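Descriptive analysis of the structure
Okay, here's what each chain looks like letter by letter:
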Amino acid sequence: MTFGKWLKIKLRQNKVQQKELAKKINVAENTVTSWVTDLREPNVPNFIWLIAFIAKTEDVPEYEIYNEASTYF
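Note that the structure is predicted; figures quoted are calculated from it, not measured.

**A look at the packing of helix α2 (residues 18-25) against helix α3 (residues 29-36)**
Here α2 crosses α3 at 115 degrees, and the two axes come no closer than 8 Å. The handedness of the crossing between α2 and α3 comes out as right-handed. Between α2 and α3, the contacting residues are Q18, K19, L21, A22 and I25 on the first element and E29, V32, T33, W35 and V36 on the second. Looking at the contact of α2 with α3 residue by residue, the class counts come to six nonpolar, two polar and two charged.

**With respect to unusual backbone geometry**
The residue N26 is not glycine, and still its phi comes out positive at about 60 degrees. Inspection of the secondary structure puts N26 in the loop between α2 and α3. The residue D38 is not glycine, and still its phi comes out positive at about 60 degrees. You can call D38 partly exposed: its relative accessible area is 36%.

What counts and how
Residues numbered from 1 in each chain as written. Predicted model: local features only at pLDDT ≥ 70, side-chain atom pairs only at ≥ 80, totals over all residues. Heavy atoms only, no water. Axes fitted to C-alpha atoms, helices over the stretch in contact; angles between N-to-C directions. Helix = DSSP H or I, 4+ residues; strand = E, 2+ residues; numbered from the N terminus. Left-handed = near helix turned anticlockwise from the far one by under 90°. Contact = heavy atoms within 4.5 Å. Nonpolar A, V, L, I, M, F, W, Y, C, P; charged D, E, K, R; others polar. Buried < 20%, exposed > 50% of the residue type's maximum accessible area, 1.4 Å probe, protein only.

These results come straight from atomic positions and should not be treated as a statement about function.
In structure tokens, the structure reads:
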């Protein structure tokens, strides 16, 4: 599995649209699309914001999401 596929699954599981994620972490919607389609990977600051958002959405500690996500880099 790739990071983009992982992110797409997480968004679907949490019923979050790419547009919502982009707004919450202050990036362009096409930036999130490029992550989901594996055209690009998030830079470190965006990765941290992304992890924090997903962790909050799932109500789990950030380190759990970080550990899960980091296996795809």
